[in-house]
Amino acid sequence: MDILPVIWFVAIGVLWTGFLALEGFDFGVGMRVLFGTKSEKERRTMLNTIGPVWDGNEVWLITAGAAIFAAFPDWYASLFSALYVPLTITLIALIARAVAIEFRGKVHDARWTRFWTWCLGLGSAVSAFCIGAALAITSTGLPIDANGDRVGGPFAWLTFPAILGGVAVVCFSIAHGSAFLALKTDGAIRERAGRFSGTWGPVLLLPAAAWALWVQFAHGGGWWLSWALVALAVASVVHAWFYARRRKEGMAFAGYIGFIVFGAGSIFAGMFPQVLPSTLDDAFSLTVTNASNSPYTLTVMTVVAAIGLPLVIAYQAWSYWVFRARLTPGMIPEPHIVVPAILRAK
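Nothing here was measured: the structure is a model prediction, and the numbers come from that model.

The interhelical angle for the contact between helix α2 (residues 40-50) and helix α7 (residues 160-184), taken along N-to-C directions, is 95°, at an axis separation of 10 Å. Relative to α7, the element α2 is oriented roughly perpendicular. On α7, the residues touching M46, T49 and I50 of α2 are F180, L181 and K184. Tallied by class, the residues present in the contact of α2 with α7 amount to four nonpolar, one polar and one charged.

Encoded structure:
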């Protein structure tokens, strides 16, 4: 087996894991805006915790999709054409969520604010569910034939593993977002989020654990690495719960990061060398070998990624460091009408 397709399979796994670890908590914050408080100032505080970073986190999603397109075009063609319904819904939800973040504070009106709050919460939930479903499908299989075409109607993807994966990402995001709010805020928001994380965190991670185990029993029974990563994911859950109960927010948040890193790693290790299993016949499954691009293309991609990716990661790490301080509702100004500069000039 050539090494470059393996390297890019690992790279794509890293990109998806980075997306779930980073975008997961701001999906969770978006959902908690709906039920985490009844105070408008606290909602604005919660939104400001992700304000400087949410759009940078979404870059991981774009990069992961682009990497699949460039490194494994057959994987991309089969998966994305089969999932055009959930991916279209995902796109609409992401747009609604992004517009809500930017527009929510533009007008000082209760109905306006309420509408965009629901767009933010539902957009976060729907995006998390559809992305989780898509990832679950690529790890458990689709009914694809020898040409890589989907067999069945537009909802052939809507299987139990897809629903499990969608629920897993939604529940993980809520737990992860709660840990993030406990880490990034102070006062009543911190207390409620920390208490929620310490009480419900392990329960919310059960669907993700079930997804990882499903992949192990279906594909990864002989891989010691995948099972070792499952064990590390379980240890990370215990770590997160232990420190969340003791209000050590930084350590608890690190535990959730560890869970998704090791859990997602176990899923990708368990499905290797397949990139998209066929539920019709194993002979139709796409693998890192038969779905990869040419060696020349992968070589050029490797050189570009080796130069560009460290710079992107360094810049994003710097932005997190700059905005590391905790927020409180007292830092948020009262709503007020701002006259645009073009009108003030008149």
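The feature "transmembrane region" (unreviewed entry), as given by UniProt, occupies residues 6-35, 82-103, 115-137, 157-183, 195-217, 223-244, 256-276 and 296-318 in the numbering adopted here. With 100% helix and 0% strand, residues 6-35 has end C-alpha atoms that lie 43 Å from one another. Annotated as residues 223-244, this span is 95% helix and 0% strand, and its ends, taken at the C-alpha atoms, are 32 Å apart.

What the rule picks out here adds up to 21 aromatic pairs. Seen from their ring centres, F25 and F253 are 5.9 Å apart, and the 65° between their planes marks the pair as edge-to-face. With a gap of 228 residues between them, F25 in helix α1 (residues 3-35) and F253 in helix α11 (residues 249-271) connect regions that are remote in the sequence. The pair F25 / F253 is uniform in exposure class, with both members buried.

Turning next to the nonpolar core. Of all hydrophobic cores here, the largest spans 89 residues; its most connected members are W16, F72, W75 and W211. Sorting elements by how many residues they give to this core places α1 first, with 16 residues. Not counting chain neighbours up to four residues away, the residues in contact with W75 comprise I12, I68, T138, V275, L276, L286 and A291.

The rules we used
- Residues numbered from 1 in each chain as written.
- Predicted model: local features only at pLDDT ≥ 70, side-chain atom pairs only at ≥ 80, totals over all residues.
- Heavy atoms only, no water.
- Axes fitted to C-alpha atoms, helices over the stretch in contact; angles between N-to-C directions.
- Helix = DSSP H or I, 4+ residues; strand = E, 2+ residues; numbered from the N terminus.
- Parallel < 35°, antiparallel > 145°, perpendicular 65-115°, else oblique.
- Contact = heavy atoms within 4.5 Å.
- Nonpolar A, V, L, I, M, F, W, Y, C, P; charged D, E, K, R; others polar.
- UniProt positions renumbered as here; feature names shortened; annotations may be inferred.
- Phe/Tyr/Trp six-rings, centres within 6.5 Å; stacked < 30°, edge-to-face > 60°.
- Buried < 20%, exposed > 50% of the residue type's maximum accessible area, 1.4 Å probe, protein only.
- Core = buried A, V, L, I, M, F, W, Y, C linked by side-chain atoms within 4.5 Å.

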